[in-house]
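# Chain and residue survey
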Amino acid sequence: MEKNDLITILKSQKEEELKFLKDLDFENDLESPKEIRGNQKEIEDEIKKFNKHEWAIYLFFVGKNFKFDLAEYSRAKGNYQMARCPEEKDLKERKDEVKDGCLYVGSSQNLISRLEQHLTAKSKTVYALHLSEWFPQDEELRLIVIKMKNQDAEKMQKYEDYLWNHYKPLLGKQGKK
């Protein structure tokens, strides 16, 4: 994903949805997106290159052949605080809404720590994906990281919500924690 692609996505929403973005400045708020592809271990190695306290929005994507295993996710959820997942009865509808295999959209003021929480099972009490507990280890993931140029929590939340609304990820929830 290039920065122009991101800006096109952000500007593509309906007029009423754009009203809440009126105070945002895509060019000056966001750095160019960085895309990382690989299995969990490869992504873990790559995220260590980021600065610890960077503010960023991030998106996890899976390949089109990925089959979400609700039973495996539920098993892991019994041991960890997990990202919100649709109920079994709503899962098919939610899967149909997901764009481009988007698994999760989030943001953090401490990027490395937050991404490690999603990729590993280091912290049982933090709501995260804990991918190491249920996601196939050799399955390819795509992680897109969009760093914020300015430390503005309100703006970062607006961008995250906007991208969540666009991609309709399978897991997690829209809005502040």
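Here's a quick rundown of the structure. (Residues numbered from 1 in each chain as written. Predicted model: local features only at pLDDT ≥ 70, side-chain atom pairs only at ≥ 80, totals over all residues. Heavy atoms only, no water.)

### Quick look at the pattern of salt bridges
All told, the structure shown has 8 salt bridges when counted by the stated rule. Of the charged contacts in the structure, one is a salt bridge between Glu 35 and Arg 142, with a shortest N-O distance of 3.8 Å. Residue Glu 35 is located in strand S1 (residues 34–38), and its partner Arg 142 is located in strand S4 (residues 141–147); the two are separated by 107 residues in the primary sequence. Residue Glu 54 pairs with Lys 147 through a salt bridge whose shortest N-O separation is 3.1 Å. (Salt bridge = Lys/Arg side-chain N within 4 Å of Asp/Glu carboxyl O. Helix = DSSP H or I, 4+ residues; strand = E, 2+ residues; numbered from the N terminus.)

### Some words on the environment of Ile 57
Along the chain, Ile 57 falls in strand S2 (residues 56–62). When the C-alpha atoms of Ile 57 and Ile 146 are compared, they prove to be 5.2 Å apart, with 89 residues separating the residues in sequence.

### A closer look at the nonpolar core
Phe 60, Phe 68, Leu 103, Leu 131, Trp 134, Leu 143 and Leu 171 are the most contacted members of the largest nonpolar core, which has 50 residues in total. Among the elements that take part in this core, S2 stands out by supplying 7 residues, more than any other. Ignoring sequence-local partners within four residues, the contact set of Phe 68 consists of Tyr 73, Cys 85, Leu 91, Lys 95, Trp 134, Leu 170 and Leu 171. (Core = buried A, V, L, I, M, F, W, Y, C linked by side-chain atoms within 4.5 Å. Buried < 20%, exposed > 50% of the residue type's maximum accessible area, 1.4 Å probe, protein only. Contact = heavy atoms within 4.5 Å.)

### Let's talk about unusual backbone geometry
Of note in this structure, Asp 100 is not a glycine but carries a positive phi near 55 degrees. Within the chain, Lys 168 stands out as a residue other than glycine whose phi angle is a positive 50 degrees. Topologically, Lys 168 is positioned in the segment after helix H8 (153–167).

### Re the packing of aromatic side chains
The tally for this structure, following the rule as stated, stands at 8 aromatic pairs. Ring geometry for Tyr 58 versus Phe 60: centroids 6.1 Å apart, planes at 80 degrees, classification edge-to-face. Tyr 58 sits in the buried class, given a relative accessible area of 1%. Grouping aromatic residues by their ring pairs yields a cluster made of Phe 66, Phe 68, Tyr 73, Trp 134 and Phe 135. (Phe/Tyr/Trp six-rings, centres within 6.5 Å; stacked < 30°, edge-to-face > 60°.)

Distances and angles like these do not, on their own, reveal function.
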